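Tertiary structure, described
Given next are the chains, with one letter for each unit.
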Amino acid sequence: MFLTPEIFEFIMRVMVNININDNNDEEIEITNDDKDFDPDIADQEDNQKEIISKLKKQIKSLETEKREILEESQRAKADFLNAKRRLEEERLRDRQRQKISHIEEILPLADSFELAMGNQITWQSVDETWRKGVEGIHSQLSRLLKGYEVTVLKPLGEVFNPTEHEALGTEMVDDETKHDTVVKVIQSGYAVKHSDGSTELIRPARVIIGNYEKNN
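Residues numbered from 1 in each chain as written. Predicted model: local features only at pLDDT ≥ 70, side-chain atom pairs only at ≥ 80, totals over all residues. Heavy atoms only, no water.

A word on the nonpolar core
Judged by nonpolar contacts, the single largest core of 15 residues is most densely connected at I103, L145, V150, Y190, V192 and I202. Those elements giving two or more residues to this core turn out to be α3 (39–118), α5 (128–147) and β4 (189–193). In terms of residues, this core owes the most to one element, α3, which gives 7 residues. Excluding residues within four positions of it along the chain, V150 makes contact with I103, L145, Y190, A191 and V192. By size, the runner-up hydrophobic cluster in this structure holds 5 residues, among which are L153, V182, A205 and V207. (Core = buried A, V, L, I, M, F, W, Y, C linked by side-chain atoms within 4.5 Å. Buried < 20%, exposed > 50% of the residue type's maximum accessible area, 1.4 Å probe, protein only. Helix = DSSP H or I, 4+ residues; strand = E, 2+ residues; numbered from the N terminus. Contact = heavy atoms within 4.5 Å.)

Listed below in structure tokens is the structure:
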């Protein structure tokens, strides 16, 4: 093919333009501003922000759940300790009731000994061998009651106390100091001391109290 001068000149101009464009492309500088406006990078930043936001919400939710679990655990522990204390108190009270029940079964026997031995003149007139045998049995009974930490209430001469004494009647007295005091014990009372240090009345003492009236 024969190249005319016109065609050759056209081809040269095209080649020159291509070289110029190539040089311009190499000299193009990507600035930071161009990066900031890169759609892909912007999308990545938005995704990161969304992920961080979700993580913060999850952490907050976990902290709330942890606090609720801790509070529930503390309540459960308190309920357990309260139930344990109530159970221990109930067991202690059961032992106390059993102890009192056993003592109450013994008291009629103690009353019989007290009644038989109450009148010393009559008691001393009984056959000595028989009397000493009965006194030995009475001593055993007294030691048994003492082992249960039982206290015998014989409030003769004491001021009448309605929490420990049961008044069966009154008796006129000529001494003002004996007014409202126990002048006669009909039946002894009994109280027991428990292992926790508390004292419980098993039976009040049955008494006669003095009544003093001034003569006008």
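Some words on the packing of aromatic side chains
Under the defined criterion, the tally for this structure stands at 1 aromatic pair. An angle of 55° between the planes, with centres 5.9 Å apart, marks the rings of W123 and W130 as tilted. (Phe/Tyr/Trp six-rings, centres within 6.5 Å; stacked < 30°, edge-to-face > 60°.)

Concerning the side chain of R131
With respect to the element layout, R131 can be found in helix α5. A distance of 3.3 Å separates a polar atom in the side chain of R131 from the backbone oxygen of Q124. Aside from chain neighbours lying at most four places away, what touches R131 is W123, Q124 and V126. (Polar contact = N/O pair within 3.5 Å; in protein donor to acceptor, adjacent residues only side chain to side chain.)

Comments concerning the sheet that holds strand β5 (residues 199–203)
Ordered by their spatial adjacency, 3 strands build an open sheet running β1-β4-β5, and the pairing between neighbours is antiparallel. A strand with exactly one partner marks an edge of an open sheet, and here the two such strands are β1 (150–153) and β5. Across the sheet, the axes of successive neighbouring strands diverge by a mean angle of 25°, strand direction being ignored. (Pairing = 2+ DSSP bridges. Axes fitted to C-alpha atoms, helices over the stretch in contact; angles between N-to-C directions.)

A short note on the pattern of salt bridges
Evaluation of the coordinates by the stated rule reveals 12 salt bridges. The residue E72 makes a salt bridge to R75 at a minimum N-O spacing of 2.6 Å. One end of the pair, E72, and the other, R75, are both in helix α3, 3 residues apart, so they sit about a helical turn from each other. The class of E72 is partly exposed, set by a relative accessible area of 42%. A relative accessible area of 44% means that R75 is categorised as partly exposed. Put simply, E171 and K184 hold a salt bridge, and the shortest N to O gap is 3.8 Å. Taken together, the positions of E171 in strand β2 (residues 165–172) and K184 in strand β3 (residues 182–187) put the pair 13 residues apart, joining distant regions of the chain. Overall, the relative accessible area of 34% leaves E171 in the partly exposed class. Counted as one network, the salt bridges with shared partners bring together E90, D94 and R97. (Salt bridge = Lys/Arg side-chain N within 4 Å of Asp/Glu carboxyl O.)

A few points about the environment of D196
Its place among the elements puts D196 in the loop between β4 and β5. Taking the relative accessible area as the measure of exposure, D196 reaches 47% and is therefore partly exposed. Separated by 104 residues in sequence, D196 and L92 have C-alpha atoms that sit 8.9 Å apart. Not counting the four nearest positions on each side in its chain, D196 is found in contact with L92 and Q96. In terms of polar contacts, D196 uses its side chain to reach the side chain of S198, at 2.7 Å.

Quick look at unusual backbone geometry
At E149, a position not held by glycine, the phi torsion is positive, near 60°. With a relative accessible area of 39%, E149 lands in the partly exposed category. The phi dihedral of D180 is positive, around 65°, even though this residue is not glycine. Topologically, D180 is positioned in the loop between β2 and β3.

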